[in-house]
Amino acid sequence: MTNSSLKNRKRVAKSLRDSRILLGVTGSVAAYKAIELIKGLKEQGASVRVVMTDASKNFVTPLSLQLASGEKVYGDLFGEPMSHISLPKDADIMVIAPATASIAAKAANGMADDLLSACLLSFRGRVVIAPAMNWRMYESPAFQRNLKRLIEDGAALVPPDKGLLACGEEGVGRMAAIGKIIEAIKSAVSPKDLLGEKILVTAGPTREYIDPVRFISNASTGKMGYAIARAAKRRGAEVTLISGPSAIEPPAGVGFIPVVTAIQMRDAVLGHLPGATVIVMAAAVGDFAPEAMGKRKLDKAAVSSIKLKKTPDILSELGAMKKRPLLIGFAAEFGEGRRGDGLKRARRKLIEKGADIIVFNDVSRKDSGFGADTNKVVMLLKGRGNDLPLMSKDEVAEAVLEEIHALRAKRKRF
Ligand code: C5P
């Protein structure tokens, strides 16, 4: 690992890794989902301490939460004197999930008649709140008033989803999906060092139709590009995600432009160019398209003789512009050694495509590239390279944004 990659690891550690989370669990049927939330947070390197209200113990046992967190579970205001001061003092962030109308009312009004409400009153950091209740309670003027006040006081809301509620009714009130709560927590602990940046991200594959049922595409899933869009949003940037077909849910708070073909992606990129300060081309844009698309399903013989034409190279087009945003491209290549000289090809692309950074992405390994949750990359910049260890795609996204942040700061200075 190079020195600079070590530096990146450390910056990544400023996010969820090593964060100390104080999780409040209150009396909603969704309380059992706290187990999954704790596991998800711990998987990402956070430590979690749990404070339960009495009502929550009807829905999940303290022992289950103790086993999930690996820590003692708290609940009694007078059990351990001063725990309502010491627990919040030792935490970087407080999360209330699920949050009932009752805890919102207490927190909004500064009540402190149980351990969790007292912790909320003495806590000095960011609070993330994920409500869960019947839709009538959720929409009630009193609850909405309390929620508004909590948000004014700086709390981050993870809005509940619409769906079938425990009472059998349909409506807004289901606790948000665990993934959304984790994303909100990551956002709350993240530095907002990309505030003021307008970042365009492309992601996923493109599709070029041969006829109405067949197309040419590739194995890209969009995981890397979506991770970049989410991370840039967390760090305060205004983000537009232009995505080819992908099964991933578009990140909250991000402008989302779905496209199919390379031409559509190019048009969307050029359409959003004005005002953009950074473009990250993480999409695996197909290089070839059929010269013409069959109007009906073609005969097999006709398919075997289709003629292909080159698609526009969006990155090169942007790279050739005189005044252009900071440009980052990805090069999906086979790694070095017996199987290819991908790194050399990627470095050539940095020059030929006129990019500021090319991220060499090793697609010869099972744990890297298309579809994997981890990635092995080397960041190539003019005159230097940064060989990163195998990391999660979220961590790679943070490392890429770290370089972007540094280059943008330099550009502003000169
Ligand atoms: O040449 P190659 O496809 O390996 O280049 C990869 C980089 O160029 C990626 O950032 C990709 O998004 C971009 N690209 C493009 N238009 C194409 C092909 C690739 O912008 N037609």
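From a predicted model like this one, the values you see are computed outputs, not experimental measurements.

## A word on the overall build of the protein chain
Along the backbone of the protein chain there are 15 helices and 22 strands. If you line up the protein chain on its principal axes, its C-alpha atoms span 75 × 55 × 40 Å. Evaluated residue by residue, the protein chain yields a buried proportion of 49% over its 414 residues. In the protein chain, of all internal contacts separated by at least 6 residues, the share reaching a separation of at least 24 is 67%. Side chains of the protein chain give 64 positive and 44 negative charges; the mean places of these two sets differ by 4 Å.

## Quick notes on the domain arrangement of the protein chain
Accessible area lost when the parts come together is the quantity often used to give the size of an interface. For the protein chain, the domain assignment lists domain 1 (13–189) and domain 2 (198–413). On a C-alpha basis, the centres of domain 1 and domain 2 stand 37 Å from each other. A combined buried area of about 480 Å² lies between domain 1 and domain 2, and 37% of that area is made up of carbon and sulfur atoms. On the domain 1 side of the contact with domain 2, E183, K186 and S187 bury the most area, a combined 67% of that side's loss. Linking domain 1 with domain 2 are four salt bridges, by the criterion used here. There are three residue pairs in polar contact (both at pLDDT 80 or more) connecting domain 1 and domain 2.

## A look at the packing of aromatic side chains
On inspection of all chains with the given rule, the structure shows three aromatic pairs. Ring geometry for Y138 and F143: centres 5.4 Å apart, planes at 45°, overall tilted. There is no split in this pair, since Y138 and F143 are both buried. Taking 5.2 Å as the distance between ring centres and 65° as the angle between the ring planes, the aromatic pair formed by Y209 and F215 counts as edge-to-face.

## Digging into the pairing of strand β12 (residues 238–243)
In terms of residue burial, β12 counts as a mostly covered element, since five of its six residues are buried. Here strand β9 (residues 198–203) pairs with β12 via six bridges, running parallel. When the bridges of β12 are listed, V201 appears paired with L241. Summarising the sheet, β12 and strand β13 (residues 255–258) pair through four bridges and their orientation is parallel. Opposite L241, over in β13, you have F256 as the bridge partner.

## Topic: unusual backbone geometry
Note the cis peptide between A97 and P98, where omega equals -5°. Along the polypeptide, P98 turns up in strand β4 (residues 93–99). Phi angles above zero are rare outside glycine, and D18 is one such case at about 70°. Relative to the helices and strands, D18 is located in the loop between α1 (3–12) and β1 (20–25).

## Description of the site of the ligand
Among the 14 residues in the neighbourhood of the ligand, the closest are listed as M281, A283, L315, F330 and K349. At 2.8 Å, a backbone N or O of L315 approaches an oxygen atom of the ligand. A distance of 2.9 Å separates an oxygen atom of the ligand from a polar side-chain atom of K353. Those elements that provide at least two residues to the shell around the ligand are α13 (314–319) and β17 (326–333). Grouping the amino acids of the shell around the ligand by side-chain chemistry returns seven nonpolar, three polar and four charged.

## Some thoughts on the environment of I257
Inspection of the secondary structure puts I257 in strand β13. A relative accessible area of 23% means that I257 is categorised as partly exposed. In this structure the C-alpha to C-alpha distance between I257 and T202, which are 55 residues apart in sequence, comes to 9.4 Å. Discounting residues that sit within four places of it in the chain, I257 has contacts with T240, L241, I242, S243, A268 and H272.

Cut-offs and rules
Residues numbered from 1 in each chain as written. Predicted model: local features only at pLDDT ≥ 70, side-chain atom pairs only at ≥ 80, totals over all residues. Heavy atoms only, no water. Helix = DSSP H or I, 4+ residues; strand = E, 2+ residues; numbered from the N terminus. Buried < 20%, exposed > 50% of the residue type's maximum accessible area, 1.4 Å probe, protein only. Contact = heavy atoms within 4.5 Å. Lys, Arg positive; Asp, Glu negative; His and termini not counted. Charge placed at Lys NZ, Arg CZ, Asp CG, Glu CD. Domains from an automatic or database assignment. Buried area = accessible area lost by both parts, 1.4 Å probe. Salt bridge = Lys/Arg side-chain N within 4 Å of Asp/Glu carboxyl O. Polar contact = N/O pair within 3.5 Å; in protein donor to acceptor, adjacent residues only side chain to side chain. Phe/Tyr/Trp six-rings, centres within 6.5 Å; stacked < 30°, edge-to-face > 60°. Pairing = 2+ DSSP bridges. Near = heavy atom within 4 Å. Nonpolar A, V, L, I, M, F, W, Y, C, P; charged D, E, K, R; others polar.

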